[in-house]
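Per-entry structural report
Next come the chains, spelled out residue by residue.
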Amino acid sequence: MCRPDYRKAASYFDESRGLYVQPDWIDAPNNGLSYSPSTNMAPTDVLPVLISKEHEQTDNELSQRIIKPMMWGMIPTWHKGDYKSHGLTTNNCRIESLMESRLYGKPLRNGQRCVIGCQGFYEWQTTKGKGQRKQPYFIKASQKCEAGPVEELDSWEKAMWDEAAGWSGPQLLMMAGLFDVWTSPEGEQMFSFTIITMESNSSFSWLHHRIPAVLDSDEMVAKWLDHKQVSAVAAVRLLHPVTSLTWHPVSMLVNNSRNKDNNCNKPIDLQKPKPVNKIMDSWLKRGALPSANATSPKKAKEN
């Protein structure tokens, strides 16, 4: 998803002005890393992240939200050395231990709340028992019929945006997260984030026992970002497992995060799976990180 489309899809209604506003896009210093659209994002990739304007100096007085590309996987502020070598799995954080966490507690108390807007995320079914091959699914927000499937490029290309009506295209899935800023030994800053997860509800537990903290209304997004008016405790209490999600099975291609094929998030028929040759099967298994969708994340091992 390109930068202009992302800004339009992340726009919100400003009641004081009576119009829709697109967040400003402000690139962050990320040690040379930059956002590149993909259907198969993974930890250490850079994704667009929504934060409050309060966290950034900007000349635009219209937008109260900004988009800042950040690396997925929070880097501990106390870490020394290369940013990849801290050894912790920080792409997700558990809501149950947020307040007491040495890594996440301080950003939460400091109001460093963010929203990760994405087309959807991949999850692997873990409820079939041991020995069963885990089938990946693409999970997304419920869509308006006229918007078209979120995973189809045509849905984005034909969508319209204006200040009066807002965005007519696919709806982003909005997930609650926290961000922080790490300074390298050379004095360079890196912005990174983590996604909050919680126990699943009855509508999702057939697939996985954990679920991202999805913000299923713009009011929820606004409150999560408003760290001035909504305290950390109140914000966390807003989060709950939602039921407004849809999903479909996808190809095993997503099992390897190096595969950025545009078909990664397309639905497949489980009754007629396409054969995978031995060479491809070996490549898919080799060194595969838990991967996330082009604009979204998968839940790997959590702290």
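Quantities reported herein were computed from a predicted structural model and do not represent experimental measurements.

Bringing the nonpolar core into the picture now. Core analysis: the largest hydrophobic core is formed by 73 residues, its most contacted members being Leu 98, Phe 193, Ile 196, Leu 215, Trp 224 and Leu 239. Among the elements that line this core, the one with the most residues is strand S12 (residues 173–183), at six residues. Leave out the neighbours within four places in its chain, and Leu 239 touches Ile 95, Ala 176, Ile 196, Met 198, Ala 213, Leu 215 and Trp 224.

Residues spaced three or four apart along an α-helix point in a common direction, a consequence of the helix completing one turn every 3.6 residues. When we look at burial in helix H4 (residues 218–225), the residues that qualify are Met 220, Val 221, Trp 224 and Leu 225. Down the axis of H4, the buried set is contained in an arc of 125 degrees. They therefore lie on one face. Elements that come into contact with the buried residues of H4 comprise strand S4 (46–52), strand S5 (65–72), strand S7 (113–118), S12, strand S13 (189–199) and helix H5 (232–238).

A few words now on the confidence of the model for the protein. Scored by pLDDT, the protein comes out at a mean of 87, with 88% of its residues at no less than 70. Ignoring residues within four places in sequence, the model shows residues 277–281, a span with pLDDT below 50, making three contacts including any to other chains. Counting contacts from residues 283–303, a segment whose pLDDT is below 50, to residues more than four positions away or on other chains yields 106 contacts.

Another point: the sheet that holds strand S9 (residues 136–141). Taken in spatial order, the three strands of this open sheet run S8-S9-S15, and their pairing is antiparallel. On the outer flanks of this sheet lie strand S8 (121–124) and strand S15 (245–249), each paired with one strand and no other. The average angle at which neighbouring strand axes cross in this sheet is 35 degrees, direction not considered. Here S8 runs beside S9; their pairing, made up of four bridges, is antiparallel. Note that in S9 the partner of Trp 124 across the bridge is Pro 136.

Let us look at the environment of His 86. Secondary-structure assignment places His 86 in the loop between S5 and strand S6 (92–94). Residue classification places His 86 among the buried residues on the basis of a relative accessible area of 19%. The spacing of His 86 and Ile 75 is 11 residues in sequence and 7.5 Å in space, taken between C-alpha atoms. What His 86 contacts, discounting residues up to four positions off in sequence, is Met 74, Ile 75, Pro 76 and His 79. There is a polar contact of 3.0 Å between the side chain of His 86 and the backbone nitrogen of Leu 88.

Another point: the pairing of S12. The element S12 is largely enclosed, with a buried count of nine among its 11 residues. Judged from the six bridges that link them, S7 and S12 form a sheet pairing that is antiparallel. For Gly 117, the partnering residue across the bridge sits in S12 and is Met 174. Where S12 lies against S13, seven bridges are found, and the strand directions are antiparallel. For Thr 183, the partnering residue across the bridge sits in S13 and is Gln 189.

What counts and how
Residues numbered from 1 in each chain as written. Predicted model: local features only at pLDDT ≥ 70, side-chain atom pairs only at ≥ 80, totals over all residues. Heavy atoms only, no water. Core = buried A, V, L, I, M, F, W, Y, C linked by side-chain atoms within 4.5 Å. Buried < 20%, exposed > 50% of the residue type's maximum accessible area, 1.4 Å probe, protein only. Helix = DSSP H or I, 4+ residues; strand = E, 2+ residues; numbered from the N terminus. Contact = heavy atoms within 4.5 Å. Arc of directions from axis to C-beta. pLDDT = per-residue confidence, 0-100. Pairing = 2+ DSSP bridges. Axes fitted to C-alpha atoms, helices over the stretch in contact; angles between N-to-C directions. Polar contact = N/O pair within 3.5 Å; in protein donor to acceptor, adjacent residues only side chain to side chain.

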